[in-house]
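# Survey of secondary and tertiary structure
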Amino acid sequence: MSQPGHNLPPDPLDAAAGIEVTADFERFRQRDDIFTRAFWDSSVRSKQTDAFFGSYRIDATPRKGEGFQQKDFALRNAAWLVSDIVSNRSAAEGVREGFQAPIRADTPVAPVQVPVEDSATMAAEIKRVAKFFGADLCGITAMDPRWVYASQVDTRDFSEAPVDLPPGLGSVIVLGHQMDRPLVQTYPSALAGAATGREYSHEAAIVMQLAAFIRNMGYHAVASMNDTGLVIPFAVKAGLGEYARNQLVITPEFGPRLRFSKIFTDLPLAHDAPKPLGVKAVCDICTRCAEACPVKALPFGAPEAGGANRSAIKGVVKWTSDAEKCFGYWAKLASDCAICLRVCPFNRDFGKLRNRLWLKLALSPLRRLALWLDDRSGRAKRLKPRDWWVG
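We now turn to the structure provided with this report. What you see is a predicted model, and the numbers here were worked out from it, not measured in a lab. (Residues numbered from 1 in each chain as written. Predicted model: local features only at pLDDT ≥ 70, side-chain atom pairs only at ≥ 80, totals over all residues. Heavy atoms only, no water.)

### Description of the environment of Ala223
Examined against the element boundaries, Ala223 turns out to sit in strand β5 (residues 221–224). The buried category is assigned to Ala223, whose relative accessible area is 2%. When the C-alpha atoms of Ala223 and Ile103 are compared, they prove to be 5.4 Å apart, with 120 residues separating the residues in sequence. When neighbours within four sequence positions are excluded, Ala223 is seen to be in contact with Pro102, Ile103, Val207, Met208, Ala211, Lys262 and Ile263. (Helix = DSSP H or I, 4+ residues; strand = E, 2+ residues; numbered from the N terminus. Buried < 20%, exposed > 50% of the residue type's maximum accessible area, 1.4 Å probe, protein only. Contact = heavy atoms within 4.5 Å.)

### Brief notes about helix α3 (residues 47–54)
All buried positions along α3 are accounted for by Thr49, Phe52, Phe53 and Gly54. Residues of α3 that are buried in the fold lie against α2 (34–40) and α12 (323–333). In this structure Ser46 caps α3, since a side-chain oxygen of it lies 3.2 Å from the backbone nitrogen of Gln48. (Polar contact = N/O pair within 3.5 Å; in protein donor to acceptor, adjacent residues only side chain to side chain.)

### Focus on the environment of Ala302
Following the sequence through the fold, Ala302 ends up in the loop between α11 (288–292) and β9 (304–305). Its relative accessible area of 59% is what places Ala302 among the exposed residues. Spatially, the C-alpha atoms of Ala302 and Gln185 are 28 Å apart, while their sequence positions differ by 117 residues.

The following block contains the structure:
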């Protein structure tokens, strides 16, 4: 299968979004993401990785360690339920919706289009509808084919399959879904995985509902979670936040504590602009996530072009994790790990005045003072899972 991407033009918004693409750029094949490789690549797949995926069903293996008991796995797996129902409904056809393929439309495109006289007004209405359905953040950016996968995956044999998006989809709506902060504080634990699962279930419902609204308006809308394309570049270009050393998007509302989904559409919409606030300058001098990573999968140095690891996109200058080390630790835990999220200095409740004041300090030339204050605050300390259960 051909590898498009070498001749795709740069975007004038790249600099503002902190995106730097080199001449070696290649669009990413989803078959190479670490979770898909765990099914076909013998260098990644193991009994532990098989058990990891199995643990999200009823055959989880509880253990004595706090946060990994039966009720912890039970809550985590229940949190994933809605997402699992959606992703498994077309599995017999090799289509895992929301993960290795876009979510299939449950409603047709209306034969008559609602006229859009002003794209800015329509963008504001879409954001209102997104929040009505439950999205915590919503930004809109232009379609950029560089971040669409070169190919997706047929999950029957994990071969490559084409990404078949309708023509003319000029906009990408990016939705942010906040993870539960107290649960995040219990990482690493199976209990903490409920924060991830809950948002996947939330985003599955929200992205499907918003896409259905757009189709009922007479326009195409392709609902997408982890499938179809890389969401982080779209989220950054849509002005929702900035890319960080821990491979996450830092937002001024929720820090890194978000999952993202997206909708590709031809509905006429005004686009948001990237909003660099100064997060990169903090990450340049902060290595707390890299220091806390149990397997040292996160980089300590400056951003550089990735590609050494098969699961890294080639030709993009950024901080890149060692996906094999990271997922290997997940498999050992039989649950996801987000210690890097928990310890991130931006992982705060910005509904509180003191944290908004800290954010202002962190994004100023006094960022070292902000990090010094964070180290002494005790904010990053792990919450014992038993304490979460008792409130």
